[in-house]
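# Fold and geometry: a report
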Amino acid sequence: MTDNAWTRWPSREALSREGVHTARRVLGRVTRSIALGILIATTLTNTELSGWALVGGAVGIVACGFLAWAFWQTTLENRLLPSLGLLAALLTIATSGQGVGFRVPSLVLLCGCAISAIERLPLAYALPATAVALSAFAAVNNDAWLTTAATTAGLALAGYVLRLDAEARGSAQRLLAQERAARVAEAESAALAERARIAREIHDVLAHSLSAQLVHLEAARLLIERGADQKTVLERVVAARGMAREGLAETRQALSALRGEMSPVEDFLGELVITNERADVTVTGERQLLPAEASQAVRRVAQEALTNVRKHAPGAKVHIRLDYGEHEVTLDVRDSGGKPGDLSGSGAGYGLLGMRERAELLGGSLDAGPGEEGFVVTLRVPV
């Protein structure tokens, strides 16, 4: 059967007590207890009955309570035929009770069946069941026809209002569950993004450090092959050792940056060129504290550009310009060019590619290519 508004069951959240406030649960239990007490008291004080009739009435009330609980369970499990069967049993008991003198309990039971049917069953089956219960109620009720009509209409309306209220509560519960799931997914996504960022930072630091060490070690190998003197070779080895130390220091700086303990970018660039007499730094614009990822991108691009100069144009002059714009920061690294060194072919060539990917992840760009004299690397990162 097509799953539409007429044949669809109320949601499980609507049929269960999930999400019902504690005060409302207590109120519901008190109301049911009072109704049950009234039924029992009315039955036991019925002066027209005595002996086994009263015992039968008490047993009938207990049986109705069990059947009502079973009806609640079968509707919660969306079992249509058992639910209709239990409802039919309750209606049978109600009409039978009316016939043997239990008028008030029978009327209350018919009202309860009408409300429960429209509240818990699919509408295609709830409406006929409610109509049967209310018709039986109208048939045995001794009130004026106008009062009976108003009562039956009120009972039908009460059942539908309870159904709408339960559906609204169920929708709220589903939305709450979806929100919680979204928060969990968001937290997991943030954790994965943070792990990726940490991995990228450590990778960039190690790639730069190892690449610089490779430059000096490869130079030392070439010097040894050419029979250079020991002092010259030792200088290269010492330089490689210095690069290893710098790599460890940069790793610590990267970890500090990830913790938010970051020195200004211009200070870092000044320290980067302090050992290179042929490099200088110019800072323009109003200085500002950059976001962690933007700051790291500027630092890594500057390091990679200087490494490339040492490899491809050793001895060239290098000018680094850092410009703080209103909406972006620009790093420009250009060298004066020169004769390619012996190590110009070393490395895999992935340094600038990785920097370009980093810039694009931040919504920026990286351009690298020949300039008027040498090579120019320009990084733009929004801030």
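Before reading on, note that the structure itself is shown above.
Presented here is an overview of the structure given in this document. For clarity, every value in this text was computed on a predicted model and none was experimentally measured. (Residues numbered from 1 in each chain as written. Predicted model: local features only at pLDDT ≥ 70, side-chain atom pairs only at ≥ 80, totals over all residues. Heavy atoms only, no water.)

### What about the sheet that holds strand β3 (residues 328-335)?
If you walk across this open sheet you meet the five strands as β1-β2-β3-β5-β4, and the pairing is mixed. The open sheet has two free edges, formed respectively by β1 (279-285) and β4 (365-370), since each of these has just one partner strand. Strand after strand, the sheet turns through a mean of 10° between neighbouring axes, direction not considered. Judged from the seven bridges that link them, β1 and strand β2 (residues 318-324) form a sheet pairing that is parallel. Across the sheet, D280 pairs through a bridge with H319, a residue of β2. Relative to the sheet, helix α9 (residues 265-272) contacts β1, β2 and β3, its axis offset from that of β2 by approximately 175°. (Pairing = 2+ DSSP bridges. Helix = DSSP H or I, 4+ residues; strand = E, 2+ residues; numbered from the N terminus. Axes fitted to C-alpha atoms, helices over the stretch in contact; angles between N-to-C directions. Contact = heavy atoms within 4.5 Å.)

### Observations regarding the nonpolar core
What tends to happen in soluble globular proteins is that the nonpolar side chains get buried as a cluster. Counting 30 residues, the largest nonpolar core has L269, V298, I320, L322, L331 and L379 as the members making the most contacts within it. Elements with a contribution of two residues or more to this core: α9, α10 (292-312), β2, β3, α11 (351-361) and β5 (375-382). Per-element accounting of this core gives the leading share, eight residues, to α10. Non-local contacts of V298, meaning those with residues more than four positions away in its chain, are made with V265, L290, L322, V329, L331 and L379. Core analysis: the second largest hydrophobic core is formed by 28 residues, C64, L87, L107 and L109 among them. (Core = buried A, V, L, I, M, F, W, Y, C linked by side-chain atoms within 4.5 Å. Buried < 20%, exposed > 50% of the residue type's maximum accessible area, 1.4 Å probe, protein only.)

### Comments concerning the pattern of salt bridges
Inspection of the entire model under this criterion finds seven salt bridges. R79 serves as the salt-bridge partner of E77, at 3.1 Å between the closest nitrogen and oxygen. By relative accessible area, E77 is classed as partly exposed at 42%. Here R79 falls in the partly exposed class, since its relative accessible area comes to 40%. For the salt bridge of R287 with E266, the shortest nitrogen-to-oxygen distance reads 3.8 Å. With R287 in the loop between β1 and α10 and E266 in helix α9, the pair connects residues that are 21 residues apart, well separated along the chain. Taken together, the shared-partner salt bridges in this structure form one network comprising E218, R221 and E225. (Salt bridge = Lys/Arg side-chain N within 4 Å of Asp/Glu carboxyl O.)

### A short note on the pairing of β3
In terms of burial, β3 is largely enclosed, as six of its eight residues are buried. Bridge count between β2 and β3: seven bridges; the pairing is antiparallel. Each residue of the ladder has a partner; that of H319, found in β3, is R334. The turn joining β2 and β3, which pair antiparallel and follow one another in sequence, is formed by three residues. Pairing geometry for β3 and β5, over seven bridges, is antiparallel. Note that in β5 the partner of R334 across the bridge is V376.

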